[in-house]
2 protein chains.
Amino acid sequence: MAQQLEPITRMVSQLARLPGIGQKSAQRLAYHIIGMPQEDVRELAAALYQGRKAIRYCDECGNYATGSLCSICGDERRRNGQICVVRDPRDVAAIERMHDFHGLYHVLHGTLSPMDGIGPDDIRIKELLARLQDTSVTEVILATNPDIEGEATATYIARLIKPTGILVTRIAHGVPVGSDLEYADEITLAKAIEGRREM
Amino acid sequence: MAQQLEPITRMVSQLARLPGIGQKSAQRLAYHIIGMPQEDVRELAAALYQGRKAIRYCDECGNYATGSLCSICGDERRRNGQICVVRDPRDVAAIERMHDFHGLYHVLHGTLSPMDGIGPDDIRIKELLARLQDTSVTEVILATNPDIEGEATATYIARLIKPTGILVTRIAHGVPVGSDLEYADEITLAKAIEGRREM
C-alpha cells in the first residue's frame with residue numbers, strides 16, 4: 001500500500017505536538033493546509049516563526065515585549081508605585097483586559113513547586129527584590145493563582161518583602177461575580193466569608 | 001491599557017483561520033508557541049510551508065504527489081485494469097489504509113453540485129475519460145461519497161462510461177460493520193436490504 005507522503009507525515013507530527021491537537025485533528029489540519037493557496041500557508045508559517053522571533057521578555061518586568069521594555073514599563077504614566085506580581089505574561093493580559101489596574105507588573109515565569117524541583121532561584125524573585133530598591137514602589141500586589149503553588153509563592157514573597165516596609169497585599173478570594181453560591185466549593189465559600197466587608 | 005502585541009495578534013488571527021480553531025484556542029496556541037524554543041517553532045513553520053510547497057497533484061490521477069506521478073501511479077504492479085474514482089486525495093488515503101484495493105485511482109477534486117455552480121467541467125471528469133482510452137482499463141469503481149452530490153456524480157459518470165463497454169461499478173451501501181442495526185437510519189437500512197447477498 002502507498003505510504004502517506006513524507007511532507008504530510010511531517011506536517012501532521014509537528015501539528016500534533018501542539019496542546020489540544022490530537023493525531024486526528026492534526027491530520028485534518030494538515031489536509032486543510034495542503035489545500036490552502038501556497039501564499040496563505042506562507043503567511044501562516046511566517047506569522048508563527050516571525051511572531052515567535054519578534055517576542056522577547058521585558059528587561060524590567062518579564063512581560064512579553066518587542067523591544068527591551070514592554071509597552072507597560074515603557075509608559076511613564078504606569079509608574080504609580082504599585083507592582084502587581086503574576087505567574088506569567090498571560091496573567092498580565094488578563095488583568096489588562098480589566099482596564100482597572102494602572103501600575104506595573106512583575107512576571108515570575110513560574111511558581112514555587114518543590115515537587116517539580118522549582119525553587120526560589122528558578123523564578124524571577126531576585127529580580128523583583130531588585131526592583132523594590134526603587135524607593136517609589138509603595139505596594140506589591142501578589143496576584144499569583146489561588147491554588148496551592150500560587151499561595152505558597154505569595155506567602156514566600158510576602159515574607160521576603162515585609163521587612164522592607166513596603167505594603168504587600170494579596171488579591172481577594174471569594175465567589176466569582178455572576179456565579180451561583182450553590183455551586184461554589186467550600187474552600188472558596190469559606191474564603192468569601194472570611195474576607196467579608198462591611199457594606 | 002496595553003494592547004496585545006502585534007506579532008501575537010497576527011499569530012492568533014492566522015491560527016484562527018484554520019478549521020476547528022476558534023479565537024480562544026488560537027490564543028491558547030499562540031501563547032504556547034511563544035513559549036516554545038525558537039528552533040522548535042522554526043521546525044513547525046517549516047513543516048507547514050515546505051510541506052505545502054512539496055505537495056503537488058499527480059499528473060495522471062490527481063492524488064497528492066511529490067513528483068509528476070504519485071507513488072501509486074508510479075507503481076507498475078498497481079496497473080491491474082481497475083480505476084477507483086474518488087472525490088479527493090483523503091479518500092485515496094482512506095481506501096489505501098484498507099490494504100485491499102490494488103488498482104489505480106482517479107481523484108475528481110470535487111463532486112457535481114449545481115447549487116454551488118460546480119458542473120462537469122469543474123471536476124476532473126474529462127481527465128478520467130481520457131484515461132479510459134487506455135485499452136487496459138477494465139473496470140471503473142465509483143467511490144464518491146454516499147450522499148446526494150456523490151450519488152449524482154456517480155450516476156453522471158456511469159452514464160458517460162457505459163457506452164465504452166467498460167464495466168462501471170458503485171461501492172456498496174449498507175450498515176457499517178460493527179454498528180448497531182437499531183441505530184442505522186432508514187435509508188441506509190433500505191439500501192442494506194436492497195443490496196443483500198446470498199450466503
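Residues numbered from 1 in each chain as written. Chains lettered and ligands numbered in written order. Predicted model: local features only at pLDDT ≥ 70, side-chain atom pairs only at ≥ 80, totals over all residues. Heavy atoms only, no water.

Visitor: Honestly, the relation of the copies chain B and chain A in this entry has me stumped. Any pointers?
Guide: Note on the identical chains: chain B maps onto chain A by a rotation of 180° and an axial translation of 0.0 Å, with an RMSD of 0.1 Å. Taken together, the rotation angle and the small translation identify this as a two-fold axis. Taking C-alpha positions as reference, the residue of chain B nearest the rotation axis is B:Ala45, located at 2.2 Å. Mapped onto chain A, 100% of the interface residues of chain B are again interface residues, and the two copies thus contact each other with one and the same surface. (Least-squares fit on C-alpha atoms with pLDDT ≥ 70 in both. Contact = heavy atoms within 4.5 Å.)

Visitor: Any chance you could explain the interface of chain B and chain A here in plain terms?
Guide: Often the size quoted for an interface is simply the accessible area lost on bringing the parts together. Taken together, the contact pairs 49 residues of chain B with 50 residues of chain A. Contact between chain B and chain A buries roughly 4,900 Å² in total, counting both sides, with carbon and sulfur atoms accounting for 70%. Along the contact surface separating chain B from chain A lie 2 salt bridges. The shortest N-O distance in the salt bridge between A:Arg17 and B:Asp40 comes to 3.6 Å. Linking chain B with chain A are 5 residue pairs in polar contact (both at pLDDT 80 or more). Here the element with the most residues in the side of chain B that touches chain A is helix H3 (residues 38-54) of chain B; it accounts for 16 residues. Residues that form the side of chain B that touches chain A fall into these classes: 29 nonpolar, 8 polar and 12 charged. (Buried area = accessible area lost by both parts, 1.4 Å probe. Salt bridge = Lys/Arg side-chain N within 4 Å of Asp/Glu carboxyl O. Polar contact = N/O pair within 3.5 Å; in protein donor to acceptor, adjacent residues only side chain to side chain. Helix = DSSP H or I, 4+ residues; strand = E, 2+ residues; numbered from the N terminus. Nonpolar A, V, L, I, M, F, W, Y, C, P; charged D, E, K, R; others polar.)

Visitor: For this particular structure, what's the right way to read the packing of aromatic side chains?
Guide: To describe a pair of aromatic rings, you give the distance between the ring centres and the angle between the ring planes. For the coordinates displayed, the defined rule picks out 6 aromatic pairs over all chains. Ring geometry for A:Tyr64 and B:Tyr31: centres 5.8 Å apart, planes at 15°, overall stacked. Of this pair, A:Tyr64 sits in strand E2 (residues 64-65) while B:Tyr31 is found in helix H2 (residues 23-35), placing the two residues in two different chains. Overall, A:Tyr64 belongs to the buried group, its relative accessible area being 7%. Ring centres 6.1 Å apart and planes at 15° place the aromatic pair B:Tyr57 and B:Tyr64 in the stacked group. On the basis of relative accessibility, which here comes to 41%, the residue B:Tyr57 falls in the partly exposed class. An aromatic cluster of three or more residues is present, and its members are A:Tyr31, B:Tyr57 and B:Tyr64. (Phe/Tyr/Trp six-rings, centres within 6.5 Å; stacked < 30°, edge-to-face > 60°. Buried < 20%, exposed > 50% of the residue type's maximum accessible area, 1.4 Å probe, protein only.)

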